[in-house]
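Chains, contacts and geometry: an overview
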Amino acid sequence: MPATPDAPQPQHRRLRLREVADLDDTAFSDYLQDRFDHLVTAAIADAVGHLRPAQHGLLHAPGRLYDLRDALTFAEGDLQVAVERMTYRRDPRAARTSRQLRQVRTARHQVHREAAALRRAESRTRDAAAGTASTDTVTTARGWLAHTYPARFTQLLAQTQAAARLPVRPLAKDIFDTIEEGWADGHLTAPSTPGLEQLLAKGVVAFRSAVADDARDQNDRNPALRHPLLQRRWNTALDELATLTVPVARASSPSALGALSSDFPHMPEPDAFKILNARRFLVAIWQRRAEHTRLIHQYAGTVTDRRRAAPDHDLRPQALDAALDRLVAEHPAAAASILARLRPYATADGRLEEDVFTPALRAQAEREVLADLAAIRRPDTVLPSAIAPRPVLAATAALAAR
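To keep things clear, this report deals only with the structure shown in the data block. Not measured: the values here are computed from a predicted model. The numbering scheme is per chain: residues are counted from 1 as the chain's sequence reads. Only residues with pLDDT of at least 70 get local features here, since the model is predicted, and only at 80 or more are side-chain atom pairs given and counted; chain-wide, interface and lining totals rely on the full set of residues. By convention in this description, side-chain values take in all heavy atoms of the structure and omit both hydrogens and water.

1. Quick word on the overall build of the protein
- Here a helix means four or more residues in a row that DSSP labels H or I, a strand means two or more in a row labelled E, and each is numbered from the N terminus. For the protein, the helix and strand inventory stands at 17 helices and 0 strands.
- The cut-offs for exposure are 20% and 50% of the maximum accessible area for each residue type, with area from a 1.4 Å probe on protein chains only; residues under the lower value are buried, those over the upper are exposed, and the others partly exposed. Taking all 402 residues of the protein together, the buried fraction comes to 43%.
- A separation threshold of at least 6 residues defines the contact pool for the protein, and within that pool the share at least 24 residues apart is 76%. It only takes one pair of heavy atoms within 4.5 Å for two residues to be counted as in contact.

Put into structure tokens, the structure is as follows:
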């Protein structure tokens, strides 16, 4: 007998962990895509060993691996808070939930390694297609030299761009510059909407509140917040929300809950649950942070691919290389010093792998190198610049003024 329209379907109700294995492969795939909390349930079911091998394969497919990592990150934090709540209330389910938490942590570490390997493979494929190697010691050293002498490098880049008859534009300082320039150049086709204009017009506090509201509802998304022009502000708001939540949640840092203090079990319930709710909110911020990070890398990848397809693609890197060549020729000792500092972290072929030369280690090394060179470098003479303001600034101002 066919189900009536009002009958609950498996993908539209909350399943227990063991029930997820009862879904056939098609229903399971639909279930994963339906809601974020469904993906979290499936990730926990997989971590504790309830899924069938075929379901495990669907969950760990390359196209879903990053989403799975985000779901396990959320599940880990959510389960930790659940254990804390159950322990506070002396709920007998605390022991079972603690066991699930340990299993989820193990699964998250494994998926993190799988995702890192996938990311490295994707990076190498992209570099090979473009004939570049963006993570080698020489490229990194040349980039850091440009950071050491920013004014001189800006002048040299303007000269080589003008010589190549290219629009004169400063090199993007970060991934957000790349995204905003890509939108201004038409490489990212996200349209302007009333929702975008409203968010652009908000002040810092109001915008942060909008980001908080978005994070609280894990199964819904504010599409306007995902627009290329808002990624920089979204990033800042997420950082601010995490920092503001840490003391209320009694977390050890913006990126780790840590253990609760010994007096927590003896607190009045309203005070205890204020802390627990703040800890759950911090976990939600982490999920949105992971989503935001994936989105900006997707945007930057799209911009890079479309620039490579543009008629002037070959001219831009040539102008950049020419400017860097001139800068290295002017400061050979500084360039050699940076290169020597990077070699201990490199593979035999000169690549800087992220799992060895981690972002934190890279940032620390760059700070130290720039500080050392700043102490000995010649003054960075500033001449009148030929580079105009970034076009995205005007575009953003025009949208905000509507």
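There's more to say after this.
2. Observations regarding the packing of helix α9 (residues 175-184) against helix α13 (residues 269-308)
- Axis lines are fitted to C-alpha atoms, over the contacting stretch for helices. Their N-to-C directions set the angle, which ranges from 0 to 180 degrees. Viewed as axis vectors pointing N to C, α9 and α13 meet at an angle of 55 degrees, and their least axial separation amounts to 9 Å. With respect to α13, the element α9 is oriented oblique. Considering the relative orientation of α9 and α13, their crossing is left-handed. Packed against α9, whose contacting residues are Ile175, Phe176, Thr178, Ile179, Glu181 and Gly182, the element α13 presents His292, Ile296, His297, Tyr299, Ala300, Val303 and Arg307 at the interface.
- Grouping the amino acids of the contact of α9 with α13 by side-chain chemistry returns 7 nonpolar, 4 polar and 2 charged. Orientation is classified from the angle alone, with under 35 degrees giving roughly parallel, over 145 giving roughly antiparallel, 65 to 115 giving roughly perpendicular, and any other angle giving oblique. Crossings are classed by handedness, with left-handed meaning an anticlockwise turn of the near helix from the far one by less than a right angle and right-handed meaning a clockwise turn. We call Asp, Glu, Lys and Arg charged. Ala, Val, Leu, Ile, Met, Phe, Trp, Tyr, Cys and Pro are nonpolar, and the rest, Gly among them, are polar.

3. Section: helix α16 (residues 359-376)
- For a helix, the expected span equals 1.5 Å multiplied by the residue count minus one. Compared with an ideal rise of 1.5 Å per residue, which puts 18 residues at 26 Å, α16 spans 26 Å between its outermost C-alpha atoms and is within 8% of the ideal.
- Looking only at α16, the buried set comprises Ala365, Glu366, Val369 and Leu373. An end-on view of α16 places all buried positions within 100 degrees of arc, on one side of the element. Residues of α16 that are exposed and point more than 90 degrees away from the buried face comprise Ala360, Arg367 and Ala375.
- Residues of α16 that are buried make contact with α7 (137-148) and α15 (332-342). As used here, the arc is the angular range of directions from the helix axis to the C-beta atoms.

4. Describing the packing of helix α2 (residues 25-34) against helix α3 (residues 36-47)
- Packing of α2 against α3 leaves a shortest axis separation of 5 Å and a crossing angle of 125 degrees. One finds that α2 runs oblique with respect to α3. Side by side, α2 and α3 meet where Phe28, Tyr31, Leu32 and Asp34 of the first sit next to His38, Leu39, Thr41 and Ala42 of the second.
- Grouping the constituent residues of the contact of α2 with α3 by class yields 5 nonpolar, 2 polar and 1 charged.

5. A few points about the pattern of salt bridges
- Definition used for salt bridges: Asp or Glu carboxyl oxygen within 4 Å of a side-chain nitrogen of Lys or Arg. Summed over all chains, the structure comprises 31 salt bridges.
- Here glutamate 84 makes a salt bridge to arginine 279, at a shortest N to O gap of 2.7 Å. With glutamate 84 in helix α5 (residues 65-88) and arginine 279 in helix α13, this pair connects stretches of sequence that are 195 residues apart. In this pair, the class of glutamate 84 matches that of arginine 279, namely buried.
- Where aspartate 239 meets arginine 289, a salt bridge forms, and the shortest distance between an N and an O atom there is 2.4 Å. Taken together, the residues aspartate 239 in helix α12 (residues 231-249) and arginine 289 in helix α13 connect sequence positions 50 residues apart.
- Owing to a relative accessible area of 40%, aspartate 239 belongs among the partly exposed residues under this scheme.
- Connected through shared salt-bridge partners, Asp214, Arg221, Arg226, Arg288 and Glu291 make up one network.

6. A short note on the nonpolar core
- Grouped together as the largest cluster of nonpolar side chains are 77 residues, with contacts concentrated most on Val20, Ile44, Val211 and Phe264.
- Residues in contact with isoleucine 44, not counting those within four places in the same chain, are Leu17, Ala75, Leu79 and Val104.
- In terms of nonpolar packing, the next biggest core, distinct from the first, is built from 21 residues, Ala141, Tyr149, Leu339 and Leu373 among them. Residues belong to one nonpolar core when they are buried, are Ala, Val, Leu, Ile, Met, Phe, Trp, Tyr or Cys, and are joined through side-chain atoms within 4.5 Å.

7. Regarding a positive patch on the surface
- Only residues whose relative accessible area exceeds 30% and that take part in no salt bridge are eligible for patches, with like-charged residues grouped when within 9 Å of each other and nonpolar side chains (Val, Leu, Ile, Met, Phe, Trp, Tyr) grouped when within 5 Å. Using a 1.4 Å probe, accessible areas were evaluated by the Shrake-Rupley method; residue-level cover was limited to the displayed protein chains. His residues and chain termini do not enter the charge count, which takes Lys and Arg as positive and Asp and Glu as negative. Charge coordinates come from a single atom per side chain, which is NZ of Lys, CZ of Arg, CG of Asp or CD of Glu. Residues Arg16, Arg96, Arg99 and Arg102 make up a contiguous surface patch of positive charge.
- Take arginine 96: it is sitting in helix α6 (residues 94-130).

Any functional reading would require information that these geometric values do not contain.
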